[in-house]
Structures are given as structure tokens and as C-alpha cells.
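Coordinate inspection notes
Each chain is listed here by its residues.
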Amino acid sequence: MTKQYKTLGDDIWKNKVEKINAELFTLTYGSIVAQLVKDYEDFTEVNKQLEKMGYNIGTRLIEDFLARSGVGRCQDFRETAEMVSKVGFKMFLNITPAVTNISADGREFSLVLDENPLAECVELPDQALVDELWYSNILCGVLRGSLEMVQMQVDAFFVTDTLRGDDMTEIRVKLIRYLEEEVPAGED
Amino acid sequence: MASNQAPVKLVNESAVEFLTTEMVEAMIRTIKDDAIRLGTDKDPSLGSPNDGTGGPKDYSEGDEAMEAVYYKLEMIGFRVGERLIEKISKDRMRFSDNLDVVKFVCKEVWMFLFKKQVDNLKTNHRGVYVLQDNSFRWFTRMAHDQSSAESVKKVTPYLWFPCGILRGILSNLGIASVVVAETSSLPACTFQIKIAKTA
């Protein structure tokens, strides 16, 4: 299953995607984070804003993903993990984070990124380290937004980040619940 | 030419588009948040909180809120431009004059950012350069109704970021400038660069 997703991801990246130099992406993201830090000063708030941006992106990106990959529904959350890492991340960022630490009940997993285009050549100022800025927090929002559109409510958050001096960069993804097919807005 | 360059890292172009589109909305949000904090959130130009669009209804000159958004987006672009030129022109010789720089922008920079060159460059040879792009890449992938006044108003904030990029590039090359963009008929747009006269 893993192998077929890897092949799919590689194929989409190679043949179905318009590519651009990652520098523009990296620099734009860095400049956005810098602006948010200026605007909010409080790093917890910056984390929130990045997550929110990611959420909004995720809700739109999923359509692009589904259209290009042509994949159907995942059988379980483990499959979701493979799909996200081998096809999703590959298609958009040309990276394939490792899926690790799957919980016994299969409702949680980690993504370990050995590269991160958002953070190339980035160094955090001391204050950001002290006050817990999760620089790439937009990714957590993207995961939350995109998975919500396919009926999964998840919690995604950074556990460690090499930018903060940790050994690795790890995002934890927890399935809260499957969502029923949406009823028109207004119901809650 | 530099030898043994590391392979160029690439991402999906739509990743850049998703990011820059959301960036515009995020900056509008920061202005709204400021307004709420300062209790000035009755500004009608910010749009009503429940309208779902999360953006100003109408951009017009002299509108304080949108000017603040303009400032932020332009600054974000400026920082990108400053650092970008270091990466693109690493191997370049020094530019001979301002026109040389602008031509570089029209060719290499445009290629890097938009995968095409500027379609037309005009100058009055007195510090004003007009760059015309008949098919601005970041517009061609947005849904829009060709030349409706509403479409034009909607996309205007998306031009502020690239204006900043250009200004940042020039600034890092020692050139002070003002850059404004205009679009009247999507997906074409023009960027006007005014280079300050040196003493």
C-alpha cells in the first residue's frame, strides 16, 4: 500500500505538477512570519495565525489534491497517514515525511520531516526560541483544514522542530472523530 | 559560472499561489484584529463580520484600512525582493546602469517569479519604466470575469506583494524607487517603476 502511494506521489510530482523554484516559497513564507511577528508580538498568537492561514489553505488545497490524485476514500486512519505523506506532501512540497509512532488504536501518527522547504536557511531569533514559536505551524493548519474537508476532524501540532535545536522535526496528528457528511450551514 | 551547484529545490507552483492568496486575506485579518483591539472596528471598509468574505467590500484610494494592508503586503514583498536578488544574481557581473537593471528584472527576475519574460518595456529615459505583462501568471489561475470593474478591484491587493518584490530588488542593488501596479483588463497588468533621481 505504501509502495503504491509512493509511486502515485512520484508520478504526480513528475508529470502533473507545474514546478517553481522553492526559494520564492521559502522567502515569501519567511517574510510573512516576520510580518506576523511584528503585528502580533506574542508568539502564541503568531502560531495561531499561521495555523489559521494553513486551515484556510487546506480547505482549498484538498480539491487540487483530489483532482490530481484521483484517489478514493481511505479505509482507515493509517491509510490516511500514508496518503498524506507519500502523495500529499510529495505533490505540493516535493518531500515525503516519514510516518512513525502510530498509536495502538491507529488514531494517531507522527510525521517526521527530514526536509522542510518552509524553513530552508532559516534561523530563529532567541526570543522566538524562548517563547515557543512553531515556525512552520502553517502545515498543521493545512493538515487540519484539508482532512476536515474529507470528513476527519483532527488535531495537528508540532512536537519538535530542528529549527528550535531539537533532533528532528515532528508533527503529531490525532484523529478526534469522523464527521458526518455535512448538513447545510446553520446546523451545529 | 559557478561549478557544482546543489540541485535547485522545487515546489508545486500552486503551493506559492495558495500561500500568496491566503497572505492577502491574513493581512486583512490583522488589520481587523487591530481595529477590534483599538475599538475602531466600525470601519465599513473592513466589511461586516458576518458576511463570510472576510475582506473589504471596496478598495478605494485614501481608505485607511486598505492602506494599512497595502503597507504590509508591500513590505512583505520588499523583504522577499531584497533577499531574492542575492540568490538570483549571485553570478552576475555588476550592472552598468539603471536600464541594465530594469532589463534584468524584465528577463531573469520575471522568469524566476513568473516563468516568462515581461512582454513590453517602455521608458521615458528619465527614470520611469513601465513593464507590461499581458498575461500575469498569478492572475491567469484565478477565476475572474475579464474586465469587470469589480474583478479589477478584487485583484488589486494581489499586486501589492509583487510591487514590493520589485522595490526590494532595486533597493538591494542600491536603487531607490517607487513601484506601482495597475490592471484594467485582466489578466494583463503593468508595473510602473519610478527611480528616484540621484543628487
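Structure report, in brief. These numbers were taken from a predicted model, which means no experiment stands behind them. (Residues numbered from 1 in each chain as written. Chains lettered and ligands numbered in written order. Predicted model: local features only at pLDDT ≥ 70, side-chain atom pairs only at ≥ 80, totals over all residues. Heavy atoms only, no water.)

On to the side chain of Lys86 of chain A, then. Residues and elements named next belong to chain A. Within the secondary structure, Lys86 is located in helix H4 (residues 77-93). Using a relative accessible area of 10% as the deciding quantity, one classes Lys86 as buried. For Lys86, the side chain forms a polar contact with the side chain of Ser85, separated by 3.0 Å. Not counting chain neighbours up to four residues away, the residues in contact with Lys86 comprise Thr2, Tyr5, Lys6, Gly9, Thr96, Pro97 and Val99. (Helix = DSSP H or I, 4+ residues; strand = E, 2+ residues; numbered from the N terminus. Buried < 20%, exposed > 50% of the residue type's maximum accessible area, 1.4 Å probe, protein only. Polar contact = N/O pair within 3.5 Å; in protein donor to acceptor, adjacent residues only side chain to side chain. Contact = heavy atoms within 4.5 Å.)

Bringing the sheet that holds strand E3 (residues 108-113) of chain A into the picture now. All names here are of chain A. The sheet built from four strands is open, its strands ordered E2-E3-E5-E4 with antiparallel pairing. Each of the sheet's edge strands pairs with one partner strand only, and the pair in question is strand E2 (98-100) and strand E4 (152-160). The mean angle between the axes of side-by-side strands here comes to 30 degrees, regardless of whether they run parallel or antiparallel. With six bridges connecting them, E3 and strand E5 (residues 169-178) associate as antiparallel partners. (Pairing = 2+ DSSP bridges. Axes fitted to C-alpha atoms, helices over the stretch in contact; angles between N-to-C directions.)

Another aspect to go through is the packing of H4 of chain A against helix H6 (residues 138-149) of chain A. Axes are the key here: two packed helices are described by the angle between their axes and the distance separating the axes. Residue and element names in this part refer to chain A. Running from N to C, H4 and H6 point in directions that differ by 120 degrees, and their axes come no closer than 13 Å. Judged by the twist between their axes, the crossing of H4 over H6 is right-handed. Two secondary-structure elements touch here, H4 through Thr80, Val84, Phe89 and Leu93 and H6 through Leu139, Leu143 and Leu147. Among the residues making up the contact of H4 with H6, the classes are represented as six nonpolar, one polar and no charged. (Left-handed = near helix turned anticlockwise from the far one by under 90°. Nonpolar A, V, L, I, M, F, W, Y, C, P; charged D, E, K, R; others polar.)

Right, let's get into the sheet that holds strand E5 (residues 189-195) of chain B. Residues and elements named next belong to chain B. Strand order in this open sheet of four strands is E2-E3-E5-E4, and the pairing throughout is antiparallel. Edge positions in the sheet fall to strand E2 (120-123) and strand E4 (177-182), since each of these pairs with one other strand and no more. In this sheet, neighbouring strand axes are inclined to one another by 15 degrees on average, regardless of whether the strands run parallel or antiparallel. Both E4 and E5 contribute to a ladder of six bridges, which runs antiparallel. By the bridge assignment for E5, Ser177 is matched with Ile195. Contacting E4 and E5, helix H5 (residues 149-172) runs over the sheet at an angle of about 155 degrees to E4.

Here we take up the nonpolar core. Ranked by size, the top nonpolar core spans 114 residues in total, and within it Leu111 and Ile171 of chain A together with Leu131 and Phe191 of chain B carry the most contacts. Each residue touching Phe191 of chain B, except ones within four places of it in the same chain, is listed here: Trp110, Tyr129, Val130, Leu131, Phe136, Leu159, Pro162, Cys163, Leu166, Val179, Val180 and Ala181 of chain B. (Core = buried A, V, L, I, M, F, W, Y, C linked by side-chain atoms within 4.5 Å.)

Under the defined criterion, the tally for this structure stands at 14 aromatic pairs over all chains. Summarising the aromatic geometry, the rings of Phe92 of chain A and Phe18 of chain B are spaced 6.4 Å apart at their centres and angled 70 degrees between planes, so their arrangement reads as edge-to-face. Taken as a pair, Phe92 of chain A in helix H4 and Phe18 of chain B in helix H1 (residues 13-38) lie in two separate chains rather than in one. Pair check on accessibility: Phe92 of chain A and Phe18 of chain B agree, each one buried. On the numbers, 5.8 Å between centres and 65 degrees between planes, the contact of Phe136 of chain B with Trp138 of chain B is edge-to-face. Both residues of the pair, Phe136 of chain B and Trp138 of chain B, count as buried. An aromatic cluster of three or more residues is present, and its members are Trp110, Phe114, Phe136, Trp138, Phe139, Phe161 and Phe191 of chain B. (Phe/Tyr/Trp six-rings, centres within 6.5 Å; stacked < 30°, edge-to-face > 60°.)

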